[in-house]
Each structure stands twice: as C-alpha cells, then as structure tokens.
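Residue strings, one per chain:
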Amino acid sequence: MIQFENVNKWYGAYQALADINEAVPKGEVLVVCGPSGSGKSTLIRTINRLEPIQGGRILLEGHDIHARSQNLNALRSHIGFVFQQFNLFPHLSALENCTLAPLQLRGLSKKAAQEQAMALLDRVGLAHKANAHPTELSGGQQQRVAIARALAMQPPLMMFDEPTSALDPEMVGEVLQVMKDLARDGMTMVVVTHEMGFARDVADRVLFLDAGRVLERGTPEAFFNRPEHPRAQQFLADIRSPFASA
C-alpha cells in the first residue's frame, strides 16, 4: 500500500530522514519507534504531505503522493490521521465533529452522515457522548472521538502520531484498546508510539529509527528479544531500566 523509495528530507542543514526504503503492505500494522528526535513523526507526516520531501518518492497504492499533479484533498481523504493533540473542533459536538467531513467531502446526506457517525462513536464506546462538546470530554474520550472522526471518511489507511502521549496514564488503555480493535479488523495502520506493550502485542512489524535512519526492522518478537543494531539494543535496555543511569 505504501512504498518509500530512497526518501530524504532536510530542515535546512539538518537531515531529518536519510535514505528511507520501506514497503507497508495492505493490512499491516507497522509500529515506528525510536528516541525523541529520531524522525518518527516526520516519517509518517510525509505520507499525507504534512511534510514535503527533498529526495526520493513515496507511493500510495502506486501513486506518487508528492507529484505536482497529486490532488492533496483527494489524497488526504484516503488517509485517516490521529495526532498527539486531539484537534477536535471545540464548537462542535462529538457527533458534529464526526459528520462534518462526510457531509462536505463525501456528499453524504445529513441522515446518512449522522447514522454513520453514531455507529463509529458506538464503535469507540462513546455513543452516549454524541452531543457532548470536547471541553466536556476527558482526554481519552477526545482522542477516541478523533479516531471516530478519522474513520468517518472510510480511509483504507490510518496513521497515528503518538496518539497517547498527551494523555494521563489511566486514559492510555482506552485509546490503545480502540486501536487494537482496528488492527484486529484488518485496518492498515502506521503507528508512531512509545507504548512498547502495544508494539509487542499488536504490530506485525516494528521499525526502529535513530537520526533519520531505519536501523532495525523486524517482527515484534525479533525486535524485542533479539535486536541486532547496538543502538536498538541500547534503546530497549534504557526502556527496561529507566533509572539505571540515574
């Protein structure tokens, strides 16, 4: 579904992505991990052109997404994106947040859009909060509404950029559970996360980045139990012993 071909990106003199060559097949759950500043978020933000690239190509279902001829709105309508911050429209209810794009971009009738939105809110466990505004919802609830909103466009691909990093610890589980359910349903997912338990349990494959380069790739079993690159070994040792260097 996604093909990275020698992708490079710079911020001025700083190279954020270096020679990325990866393929994400349909139905795969790919977890991207690594230390802060490693290029994880930059990598997935290039997939829907939130970030431009300066070299190489990224193909989505065979189409060059950074080509000048690419219709940006059409591209993004096929990619669900869930951010660290929930980015809900504060003046709209949960239901209205989930109907806005289908009404305006997919041309659904109001009745059809509302029926779909209610089904999606029910899927993330929030049908009873349909009329609540974001300020009336917890962080975990807001993020689950954000996931429902992304699903309302019926995208073939979902991307998550550290979706639990802004949440209190007790709210993380409810969001991860929704993501696990999506994975079980066969959704193609690219997930940037620090939640290694999620990576171990749900990922089909793990990419480890550092300094903009993919240093390790493999199944969760191989990555967590037999990492080959010294930097990946150190990263996992630091996670397991966070106070070892204190």
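Heads up: the structure comes first, above all this text.
Described in the following lines is the structure provided in the data block.

So, how was this worked out
- Residues numbered from 1 in each chain as written.
- Predicted model: local features only at pLDDT ≥ 70, side-chain atom pairs only at ≥ 80, totals over all residues.
- Heavy atoms only, no water.
- Axes fitted to C-alpha atoms, helices over the stretch in contact; angles between N-to-C directions.
- Helix = DSSP H or I, 4+ residues; strand = E, 2+ residues; numbered from the N terminus.
- Parallel < 35°, antiparallel > 145°, perpendicular 65-115°, else oblique.
- Left-handed = near helix turned anticlockwise from the far one by under 90°.
- Contact = heavy atoms within 4.5 Å.
- Nonpolar A, V, L, I, M, F, W, Y, C, P; charged D, E, K, R; others polar.
- Pairing = 2+ DSSP bridges.
- Core = buried A, V, L, I, M, F, W, Y, C linked by side-chain atoms within 4.5 Å.
- Buried < 20%, exposed > 50% of the residue type's maximum accessible area, 1.4 Å probe, protein only.
- Salt bridge = Lys/Arg side-chain N within 4 Å of Asp/Glu carboxyl O.
- Phe/Tyr/Trp six-rings, centres within 6.5 Å; stacked < 30°, edge-to-face > 60°.
- Lys NZ or Arg CZ within 6 Å of the ring centre and 35° of its normal.

**Some details on the packing of helix H3 (residues 94-106) against helix H4 (residues 110-123)**
- In the contact formed by H3 and H4, the axes pass within 9 Å of each other and the chain directions differ by 135°. Classified by the interaxial angle, the pair formed by H3 and H4 is oblique. In this structure, the crossing between H3 and H4 has a hand that is right-handed. Only Lys110, Ala113, Gln114, Gln116, Ala117, Met118 and Leu121 of H4 make contact with H3, whose side of the interface consists of Ala94, Leu95, Cys98, Thr99, Pro102, Leu103 and Arg106.
- Looking at side-chain class alone, the contact of H3 with H4 contains nine nonpolar, three polar and two charged residues.

**Examining the pairing of strand S2 (residues 14-24)**
- Across seven bridges, strand S1 (residues 2-11) lies against S2 in antiparallel orientation. Across the sheet, Trp10 pairs through a bridge with Gln15, a residue of S2.
- Taking the residues that link successive antiparallel strands as the turn, the S1-S2 hairpin has two residues, and the phi of Gly12 there is positive, at about 65°.

**Points about the packing of helix H5 (residues 139-151) against helix H6 (residues 169-184)**
- Where H5 meets H6, the closest approach of the two axes is 8 Å, and the angle between their N-to-C directions is 20°. Our classification of the angle between H5 and H6 gives roughly parallel. The element H5 and its partner H6 pack so that their crossing is right-handed. On H6, the residues that touch Gly139, Gly140, Gln141, Gln143, Arg144, Ile147 and Leu151 of H5 are Met171, Glu174, Val175, Val178, Met179 and Leu182.
- Among the residues forming the contact of H5 with H6, the class breakdown is seven nonpolar, four polar and two charged.

**Quick notes on the nonpolar core**
- Leu121, Ile147, Met158, Phe160, Met179 and Met189 are the most contacted members of the largest nonpolar core, which totals 50 residues.
- With eight residues, the single largest contributor to this core is H6.
- When residues no more than four places from it in sequence are discounted, the contact partners of Ile147 are Val82, Met158, Phe160, Val175, Val178, Met179 and Leu182.
- With 26 residues, the next largest nonpolar core counts Leu43, Val190, Leu207 and Leu209 among its residues.

**What to know about the pattern of salt bridges**
- Tallied over the full model, the rule gives 13 salt bridges.
- Here Asp19 and Arg213 are joined by a salt bridge, their closest N and O atoms 3.6 Å apart. Residue Asp19 is found in strand S2, and its partner Arg213 is found in strand S10 (residues 213-218); the two are separated by 194 residues along the sequence.
- On the basis of relative accessibility, which here comes to 40%, the residue Arg213 falls in the partly exposed class.
- In this structure, Arg45 and Glu51 form a salt bridge, with 3.8 Å as the shortest nitrogen-oxygen distance.

**With respect to the environment of Glu195**
- Relative to the helices and strands, Glu195 resides in the loop between strand S8 (188-192) and helix H7 (196-202).
- Judged by its relative accessible area of 26%, Glu195 is partly exposed.
- The sequence separation of Glu195 and Leu176 amounts to 19 residues, and the corresponding C-alpha distance is 9.0 Å.
- In this structure, Glu195 is in contact with Thr164, Val172 and Leu176, ignoring residues within four places of it in sequence.

**Considering the sheet that holds strand S5 (residues 63-64)**
- The four strands are arranged S2-S1-S4-S5 in an open sheet whose pairing can be described as antiparallel. Edge strands, defined here as strands with exactly one partner in the open sheet, are S2 and S5.

**Side note on the sheet that holds strand S7 (residues 157-161)**
- A sheet is described by the order of its strands in space; here six strands give the open sequence S6-S7-S8-S3-S9-S10, paired in mixed fashion. In the strand order of this sheet, the two ends are held by strand S6 (79-82) and S10, each with one partner. Geometrically, the sheet is characterised by an average inter-axis angle of 15° between neighbouring strands, direction not taken into account.
- Bridging between strand S3 (residues 29-33) and S8 involves four bridges; their strand directions are parallel. Residue pairing for S8: Val29 is matched across the bridge by Met189.
- In the packing of H5 onto the sheet, the strands contacted are S6 and S7, and the crossing angle to S6 comes to about 170°.
- The strands that H6 touches are S3, S7 and S8; relative to S8, the one it contacts most, it runs at about 145°.

**Regarding the packing of aromatic side chains**
- For the structure shown, the criterion picks out four aromatic pairs.
- Counting every residue linked through ring pairs, the aromatic cluster contains Phe208, Phe223, Phe224 and Phe235.
- A cation sits over an aromatic face here: Lys9 above Tyr11, 4.4 Å from the ring centre.
- It is Arg200 that lies over the ring of Phe224; its NZ or CZ is 4.4 Å from the centre.

These values are about where atoms sit, not about what they do.
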